[in-house]
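# Commentary on secondary and tertiary structure
Okay, here's what each chain looks like letter by letter:
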Amino acid sequence: MTLMYRCPLCDEPLLLNNKSLQCKNRHQFDFAKEGYVNLLPVQNKNSKQPGDNLEMVQARRAFFATEHYAFLRDAIAERITTTEPSSVIDLGCGEGFYTQAFAKQLPDETQVYGVDISKSAVKYAAKRYKNVNFSVASIKQAPFENQTADVLVSIFAPVFADELHRLCHENGTVIIVSPGPTHLFELKARIYDEVNLHEPVTCPEGFELKKQTHLEQCQSLPTSVIEHLIMMTPFAWKFKASHYQDLNQAPEHMVTLSFYISEFVPNKV
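In this report, the structure presented in the accompanying data block is examined. (Residues numbered from 1 in each chain as written. Predicted model: local features only at pLDDT ≥ 70, side-chain atom pairs only at ≥ 80, totals over all residues. Heavy atoms only, no water.)

### Examining the state of the cysteines
Applying the stated rule across the entire model yields zero disulfides. Just so you know, cysteine 23 is unpaired, no disulfide at all, and the nearest cysteine sulfur is the one on cysteine 10, 3.7 Å from it. Looking at cysteine 23, the relative accessible area reads 5%, which means it is buried. Take cysteine 168: it sits in no disulfide, and the sulfur closest to it among the cysteines is that of cysteine 203, at 12 Å. Overall, cysteine 168 belongs to the buried group, its relative accessible area being 2%. (Disulfide = S-S within 2.5 Å. Buried < 20%, exposed > 50% of the residue type's maximum accessible area, 1.4 Å probe, protein only.)

Next comes the structure, spelled out in structure tokens:
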């Protein structure tokens, strides 16, 4: 099987050579024992350990094991399978909760890739999910050939329009998952005097909106599960000891889970 990777140092195609990837300029990248490949050059790192740390990855795994986000995961997988893609790239795949789910729904010959800047997350994913090609890399400079992806997926990850446009096949689809209007409203109300509602994601330049779906459920979550959920969010650092103490006054709480699934296609004009 020919992989879609390109060298992060010189942009030449990377070819599989035993347990390594190598370009014609002899830049070589070895696969880790877990099965992923690190395509993040040292000079492209902004910190010693970029992306989610091990504690955050473990919190995500603990939360995802509860299946509270299963309705979102299944909806994303359904949207991807309807496009009948030959290649899918999950940009910002984390520990692979979503990536492996839609890979299961696709034919074996479909190439599915998961890329994330967090080595801890990718290592976890690759060790557990063998139906996906995982790599450590920056999604701002993704290590893939131009216009090779039939579907690009971005789930709560930064969006780089230029990179989406470079990677997306001319007849491809970009699926962006973002918070819905009242996502985690009850938790945010505990730390903010006024909670701002989320707006739909802005259409990336060079694309046009094809379809947008709003999913929402209000679920009863055990307090211990909510603590893992908080660790997954950008406002985790806002939660103080007093907020956690208040949460622990009850064994569970109602929480709104709200999402937009937005599908974009390249602008033909």
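### With respect to the pattern of salt bridges
Summed over the entire model, instances satisfying the criterion amount to eight salt bridges. Glutamate 163 is paired through a salt bridge with arginine 166; the nearest N and O atoms lie 2.7 Å apart. Linking glutamate 163 with arginine 166, this pair stays in helix α5 (residues 161-167), spanning three residues, or about one helical turn. Residue glutamate 163 shares its accessibility class with arginine 166, and that shared class is buried. With its nearest N and O atoms 2.5 Å apart, the salt bridge here joins arginine 190 to aspartate 246. One end of the pair, arginine 190, is in the loop between α6 (185-188) and β10 (207-222); the other, aspartate 246, is in helix α8 (residues 241-247), and 56 residues separate them in sequence. We classify arginine 190 as partly exposed; its relative accessible area is 29%. (Salt bridge = Lys/Arg side-chain N within 4 Å of Asp/Glu carboxyl O. Helix = DSSP H or I, 4+ residues; strand = E, 2+ residues; numbered from the N terminus.)

### Looking at the sheet that holds β10
Strand order in this open sheet of eight strands is β4-β7-β6-β5-β8-β9-β11-β10, and the pairing throughout is mixed. The open sheet terminates on both sides in strands that have one partner only, identified here as β4 (37-38) and β10. Note: strand β9 (residues 168-179) against strand β11 (residues 252-266), six bridges, orientation antiparallel. In the strand pairing of β11, valine 174 is matched with phenylalanine 264. Across the sheet, helix α2 (residues 70-82) is in contact with β5 (87-91), β8 (149-155), β9, β10 and β11; its angle to β11 comes to roughly 15°. (Pairing = 2+ DSSP bridges. Contact = heavy atoms within 4.5 Å. Axes fitted to C-alpha atoms, helices over the stretch in contact; angles between N-to-C directions.)

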